Amino acid sequence: MTRYPRHLAALLLAGSAGLAAAPLASAADGPAAPAPIAPAELSAAGAAAGSPAALDRIGRFFAREGRPSGAAGLSPAEEVRAAAQAAPALVGGAVAVYSLNEGFVAGTAGAPVARVEFVAGKAVAADGRTASVWTVHDGGGWRVVNIASGSDETDYPAQAAATGGGTAFREPQIDAWYVLRGGRVLPLDEDARRSVGPGGTTLADYQRLVHARYGDRLPGSAYDRAGAGGGWAAEQGAAAEPSRRGPAVAAGAALAVTALVGAGLAVRRRGARR
């Protein structure tokens, strides 16, 4: 399981503070209709992901993707040519990405099962490769903080919408994607099916399940205070996914990467979906 220092993961929480966390169903309240991010905000996030500067970064991501030595395997001229050949374009609209909420894990009355973590857009290269472009609102506007191979963050919400609606969310610690629908937590991928079974489970039973998994790792716990594995925030931000993804940079860590190296390119690589 990939871990990150607590201060890096904390940047994600700070960077996403401007997102309106949509209220979802809680174990105490039962299912409730989510209040999504305002369409104007999603449009602004999508515009940031589709800006010329962002598309240049996405093109460079595709140019480097799959090369063991990354940028070191390309001369500057080769990287520019490969990025231009990638010709990335954004398809579909930006979507809010929900992740398991620590308050729900703790059993806090009224806590939603998930909260908005960032907004994602789907980029497609000329050869058909896809990438997920993550944006957060940092007070000065929307900006790209991470690029990840594949398009889980937009594909699973689309799958949920096409199969009956509801709110798609992820449990990053085990790389599982679910949809909350009609008071039940239903699986969207194989990791989620292993977690809750093919028929899913009730929201209350899911709360008991995640409390058993992570209840001793929540913010303020001995685990968190000791900094074991970076604590809850690092596990949440890192979205540890050892089953199918390679070395990762958390969205929060991506902010630090941009600040430290000044390259404006945060890369998180993932392998092919099973």
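As the structure is a prediction and not an experimental result, all values here were calculated from the model.

A.B. asks: Outline the overall build of the protein, listing residues and values.
C.D. replies: The helix and strand tally for the protein stands at eleven helices and nine strands. Here the protein holds 274 residues, and the buried ones make up 51% of them. When contacts within the protein are restricted to residue pairs at least 6 apart in sequence, those whose partners lie at least 24 apart make up 60%. Carbon together with sulfur atoms contributes 59% to the accessible area of the protein, which is approximately 11,100 Å² in total.

A.B. asks: Mind laying out the packing of aromatic side chains, listing which residues take part and the relevant values?
C.D. replies: According to the stated counting rule, one finds seven aromatic pairs in the structure shown. With a centroid separation of 5.9 Å and an interplanar angle of 65 degrees, the aromatic rings of Phe169 and Tyr206 are classed as edge-to-face. Remark: Tyr206 occurs in helix H8 (residues 203-214) and Phe169 occurs in strand E5 (residues 167-171); sequence separation between them is 37 residues. Accessibility classification places Phe169 together with Tyr206 in one group, the buried group. Ring pairing ties together the aromatic residues Phe104, Phe169, Tyr178 and Tyr206, which thus form one cluster.

A.B. asks: Let's hear about the pairing of strand E2 (residues 114-124): which residues, and what values?
C.D. replies: Within E2, nine of the eleven residues are buried, which leaves it mostly tucked inside the rest of the structure. As paired elements, strand E1 (residues 89-100) and E2 share nine bridges and run antiparallel to each other. The residue of E2 that forms the bridge with Val97 is Phe118. Alignment of E2 against strand E3 (residues 130-137), held across six bridges, turns out to be antiparallel. When the sheet's bridge partners are listed, Lys122 is paired in E3 with Ser132.

A.B. asks: Which residues make up the pattern of salt bridges, and what values do they have?
C.D. replies: All told, the structure shown has 14 salt bridges when counted by the stated rule. Between Arg193 and Glu190 there is a salt bridge whose closest N-O contact spans 3.2 Å. Of this pair, Arg193 and Glu190 are both found in helix H7 (residues 190-196), three residues apart, which corresponds to roughly one turn of the helix. What makes Arg193 partly exposed here is its relative accessible area of 35%. Arg194 serves as the salt-bridge partner of Glu190, at 3.9 Å between the closest nitrogen and oxygen. Taken together, the positions of Glu190 and Arg194, both in helix H7 and four residues apart, correspond to about one turn of that helix. In this structure Glu190 comes out as partly exposed when scored by relative accessible area, which is 34%. Assessed through its relative accessible area of 53%, Arg194 is described here as exposed. Counted as one network, the salt bridges with shared partners bring together Asp56, Arg60, Arg64 and Glu79.

A.B. asks: I'd like to hear about the pairing of strand E4 (residues 142-149), residue by residue, with values.
C.D. replies: Across the eight residues that make up E4, a large majority, seven, are buried. Here E3 hands over to E4 after four residues, with Gly139 in that stretch at a positive phi of 100 degrees.

A.B. asks: I'd like a description of the packing of helix H3 (residues 52-64) against helix H4 (residues 76-86), backed by residues and values.
C.D. replies: Contact geometry of H3 with H4 gives a least axis separation of 8 Å together with a crossing angle of 105 degrees. Between H3 and H4, the angle falls in the class roughly perpendicular. Residues Gly59, Arg60, Phe62, Ala63 and Arg64 of H3 lie in contact with H4, whose contacting residues are Glu79, Val80, Ala82, Ala83 and Ala86. Across the contact of H3 with H4, the residue classes tally to six nonpolar, one polar and three charged.

Cut-offs applied
- Residues numbered from 1 in each chain as written.
- Predicted model: local features only at pLDDT ≥ 70, side-chain atom pairs only at ≥ 80, totals over all residues.
- Heavy atoms only, no water.
- Helix = DSSP H or I, 4+ residues; strand = E, 2+ residues; numbered from the N terminus.
- Buried < 20%, exposed > 50% of the residue type's maximum accessible area, 1.4 Å probe, protein only.
- Contact = heavy atoms within 4.5 Å.
- Areas by Shrake-Rupley, 256 points an atom, 1.4 Å probe, with all protein chains shown as cover.
- Phe/Tyr/Trp six-rings, centres within 6.5 Å; stacked < 30°, edge-to-face > 60°.
- Pairing = 2+ DSSP bridges.
- Salt bridge = Lys/Arg side-chain N within 4 Å of Asp/Glu carboxyl O.
- Axes fitted to C-alpha atoms, helices over the stretch in contact; angles between N-to-C directions.
- Parallel < 35°, antiparallel > 145°, perpendicular 65-115°, else oblique.
- Nonpolar A, V, L, I, M, F, W, Y, C, P; charged D, E, K, R; others polar.

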